[in-house]
Every structure is written in structure tokens, then in C-alpha cells.
Amino acid sequence: MAGKRVKFAKRRKAAGFTQEQLALYLGVERSTVVRWESAENEPQAWLRPKLARALRVSADELQALLDDIAVIQSEPGERLAYVLQHPSSVDLVAVAHLHERIRQLDESYDTATSTALVGVAGHVHGQITYLRQGATGGRVRRALGEVEAESATFMGQLVWDVSQRRDHDGPIKYFDQAVNAARQVRDPLTESYAVLRKSFVALYGEKDPAKGLALADEAAEVASLCSPALTGLSLLHVAEGCAMAGDRKETEAVLGKAEAQFDRVTPDDAAADNFGPNEFNRLAGSCFLSLGLPNLAEPLLRRTVSALVTKKKSQSIAFGNLTLSLIRQGKRDEAQAAMHHTIDAVELTRGGGGLNIVFQAGRELRPWRSEPWVQEINDRLLALMAAI
């Protein structure tokens with residue numbers, strides 16, 4: 001993958017300069033102008049006023065020309081392989097390649113097992129952190145910081161999943177790396193999501209409602225600067241912390257605040273595609289389940305499982321919670337069907353959240369353990385355990 005500043009080159013020509021003439025005017029080598037136009041690097045700050053005058057553009061217009069990079073496909077990874085050997089040559093094109101790779105892996109999360117993704121994601125994350133150490137240009141370092149924050153968040157998510165949510169220290173190190181990188185480049189959206197991921201570890205791994213609530217509240221505060229959708233999601237986890245602590249009144253109050261945030265979401269919200277009504281129903285159902293109100297949780301979770309068909313890992317958690325709500329209401333026949341759906345969903349992705357809930361549901365079937373349908377479910381759980 002290579003890049004070209006096509007508009008920059010056109011502007012140079014329109015201003016009446018060849019590459020040699022522009023280089024002579026600026027007092028630089030022709031190869032320097034060539035590297036600018038091939039997006040290998042950018043003009044140094046002290047040259048920019050003179051370059052802007054030569055091209056007859058303002059400082060902002062010059063920056064827009066430099067930011068406009070046309071990506072041209074070449075041999076896969078060709079450019080990246082080169083910059084990994086020469087870290088100081090890393091440019092925005094190589095960063096875009098790494099960003100796209102992380103995006104592709106993230107899109108695979110709901111359909112692939114975390115064990116299949118963690119190795120590849122770790123390799124890409126290592127490339128990102130290595131190149132950031134060698135990068136020299138300010139804009140390139142910022143772009144790498146943005147990608148590092150996203151990559152570290154994804155790695156923490158995968159590592160926690162692979163450990164079946166038992167390893168808390170490893171994921172937290174990645175999330176802290178993400179928070180630090182996001183703060184350095186002033187990216188509140190990614191910072192908020194990384195902090196929110198830390199709250200997941202506290203709530204569902206350490207089983208510490210107070211700590212999880214505080215982290216989710218911090219995530220909501222950061223997200224309020226940029227995204228009602230992510231603010232709403234963070235507040236849903238604040239509500240879950242309240243529910244785990246047994247505070248129904250505060251849980252319902254925070255759920256109302258979260259719903260109000262989702263009502264403010266617009267198509268321009270960077271997190272709008274990822275967090276919305278489905279997450280509200282799933283987490284509100286989980287809250288009522290924690291409060292010992294399975295009858296209120298059931299209808300919310302029923303709506304959720306059908307809506308999350310493309311998000312298998314989230315769907316497996318919703319199915320598991322639906323199963324628990326049915327078991328706790330004594331609805332054995334419906335619980336049986338829901339339990340099989342939960343195992344089906346977990347078998348596909350082996351997500352840590354779904355695994356934990358499905359085995360919890362299996363334990364709550366003990367009062368009926370002598371019945372054939374429970375024995376059949378136990379056989380499936382044993383097979384699932386053997387396959388992990």
C-alpha cells in the first residue's frame with residue numbers, strides 16, 4: 001500500500017512549479033518534494049509559511065492538502081514491511097494500513113473465537129507500539145497514538161475473554177495503556193471506552209460493584225464530551241453496579257438517565273452504530289435479574305435475543321440471562337429451550353461472558369438434576385467444557 005498527495009501535486013503545478021523549481025525556491029532537495037508528494041513525510045514547521053506562499057494557499061489550506069492522501073494499492077503489506085525495517089520512515093499511509101487491520105479484526109469479534117483473534121491482534125498491536133516509539137513527525141505520532149489506544153483496548157478485551165474472565169491484571173494493563181495513549185492524543189471517545197472496559201472487569205470479574213460503578217461513572221463523564229451513545233452505555237453499567245449492590249431505586253433512576261442519553265443520539269455520533277436500544281434492553285434486563293426481579297427481566301431479554309442476531313457474543317450473554325430469569329421463575333419448559341439456545345450461541349464463539357453465565361445457569365438447574373432434560377443439558381455442558 002502506498003500513498004500520493006495528488007491534490008498537493010496539482011496545486012504545485014497550478015502555481016507554476018516543477019518539483020525541481022519548488023525545491024530550488026524553498027532551498028531543499030528535489031527528493032524532499034518527492035517525499036512530500038508520496039506521503040512519506042511532511043514539510044517541517046519552519047518551511048510551511050514559505051511553502052504556503054509559493055502555492056498561494058493559507059496555512060489551513062496547506063494542511064488540508066497535506067492531509068489529503070490517496071491510498072494506492074500495491075503488494076499487501078509492502079509499505080508496512082518497509083517501515084517496520086525503517087521505523088523513522090513511518091507515515092500516515094502505513095498508519096492507515098494498521099488502523100484498517102485493527103478495524104477488520106474488531107469486526108470479526110462477534111463471529112470468531114477470541115483465541116483465534118488474540119495472536120493476530122497481538123502481532124499487530126506490537127507493530128503499532130514499536131512504530132510509535134520510532135516515529136518522528138507530530139501528526140504521525142498522533143495518528144499512531146489513536147491506533148494504539150484502539151488496539152490496546154481490543155487486546156484487553158481479547159485477553160480477558162481468552163482467560164474466561166479469570167485474569168484481571170493482564171486486561172487492565174492493556175486498558176491502562178489505551179487510556180494513557182488516548183489522553184496523550186486527546187481522544188475522549190477511546191479513553192471513555194477503555195475506562196468502561198475496566199469497569200467490566202470490576203463488575204463481572206472481580207465482582208466489586210462499588211469499584212465497577214465508579215469506573216463506569218468516570219467513563220460516562222469522559223464520554224459526555226463527545227458521545228451520547230457511549231455516555232448512555234456507560235450509565236447502563238453504572239445502573240448495573242447499583243443493581244448488584246441491591247439498590248433498586250438508584251438503578252431505575254440511572255436507567256432513566258441512560259435512556260435519555262440514547263434519545264439524544266444522532267447519526268453523527270461516532271458510537272451510534274455500536275450502542276443503542278438493544279444494549280439498553282440487555283443491560284436493563286441484567287439489572288432486574290441482579291435485583292431479584294426475573295419477571296421484569298424476562299420481557300426485556302426476550303426482545304434482546306432476537307435483536308442481537310449479528311452480535312453472537314452479546315446474544316449469548318442475553319440468552320444466558322434469559323435462561324436464568326426463566327429458571328428463577330420456575331418456568332422449566334421455557335428454561336430448557338432457552339438453555340439450548342444459550343449453549344448453541346456459546347459453542348459458536350466461546351465468549352467468556354457467555355461461558356460464565358451458561359455454567360451458572362447449569363448450576364441453578366440442580367433442583368431438577370434427576371430429570372432427563374437436565375441430564376441432556378449437563379452432557380452438552382461437559383462437551384462444551386472439554387472443547388474449551
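See the structure shown above.
A short tour of the structure in this document, coming up.

The rules behind each value
- Residues numbered from 1 in each chain as written.
- Predicted model: local features only at pLDDT ≥ 70, side-chain atom pairs only at ≥ 80, totals over all residues.
- Heavy atoms only, no water.
- Axes fitted to C-alpha atoms, helices over the stretch in contact; angles between N-to-C directions.
- Helix = DSSP H or I, 4+ residues; strand = E, 2+ residues; numbered from the N terminus.
- Parallel < 35°, antiparallel > 145°, perpendicular 65-115°, else oblique.
- Contact = heavy atoms within 4.5 Å.
- Nonpolar A, V, L, I, M, F, W, Y, C, P; charged D, E, K, R; others polar.
- Salt bridge = Lys/Arg side-chain N within 4 Å of Asp/Glu carboxyl O.
- Buried < 20%, exposed > 50% of the residue type's maximum accessible area, 1.4 Å probe, protein only.
- Core = buried A, V, L, I, M, F, W, Y, C linked by side-chain atoms within 4.5 Å.
- 1 Å grid on protein atoms, 1.4 Å probe; cavity = no way out; pocket = protein on both sides within 12 Å on 5 of 7 lines; lining within 4 Å.
- Points joined across faces, edges and corners; volume = space filled by probe spheres on them.

Structural notes on the packing of helix H11 (residues 188-205) against helix H12 (residues 209-223)
At step 1: In the contact formed by H11 and H12, the axes pass within 8 Å of each other and the chain directions differ by 170°. Taken together, the axis directions place H11 and H12 in an arrangement best described as roughly antiparallel. Residues Pro188, Glu191, Ser192, Val195, Leu196, Lys198, Ser199, Ala202 and Leu203 of H11 pack against Pro209, Lys211, Gly212, Leu213, Leu215, Ala216, Glu218, Ala219, Val222 and Ala223 of H12.
At step 2: Looking at the contact of H11 with H12, its residues break down into 12 nonpolar, three polar and four charged.

Focus: the pattern of salt bridges
At step 1: Enumeration according to the criterion identifies 21 salt bridges in this entry.
At step 2: The salt bridge involving Glu371 is made with Arg332; its shortest N-O contact spans 2.6 Å. Taken together, the positions of Glu371 in the loop between helix H19 (352-363) and helix H20 (372-387) and Arg332 in helix H18 (residues 332-349) put the pair 39 residues apart, joining distant regions of the chain.
At step 3: By relative accessible area, which is 23% here, Glu371 ends up partly exposed.
At step 4: What emerges from the salt-bridge pattern is a single network uniting Arg5, Glu42, Arg48 and Arg139.

Considerations on the nonpolar core
At step 1: By size, the foremost hydrophobic cluster in this structure holds 69 residues, and its most contacted members are Leu236, Leu255, Met339, Val358 and Leu365.
At step 2: Counting residues per element, this core draws most heavily on helix H13 (residues 228-244), at nine residues.
At step 3: Discounting residues that sit within four places of it in the chain, Met339 has contacts with Thr323, Val358, Ala361, Gly362, Leu365, Ile377 and Leu381.
At step 4: With 28 residues, the next largest nonpolar core counts Ala94, Leu98, Ile102 and Tyr109 among its residues.

Side note on the layout of surface pockets
At step 1: Its volume calculated, the second largest pocket comes out at about 410 Å³.
At step 2: For the second largest pocket, the lining is made up of 25 residues, of which Glu40, Asn41, Glu42, Pro43 and Gly137 are closest to its centre.
At step 3: Elements supplying a minimum of two residues to the lining of the second largest pocket: helix H3 (30-37) and helix H9 (138-162).
At step 4: Partitioned by chemical class, the residues of the lining of the second largest pocket number 10 nonpolar, eight polar and seven charged.

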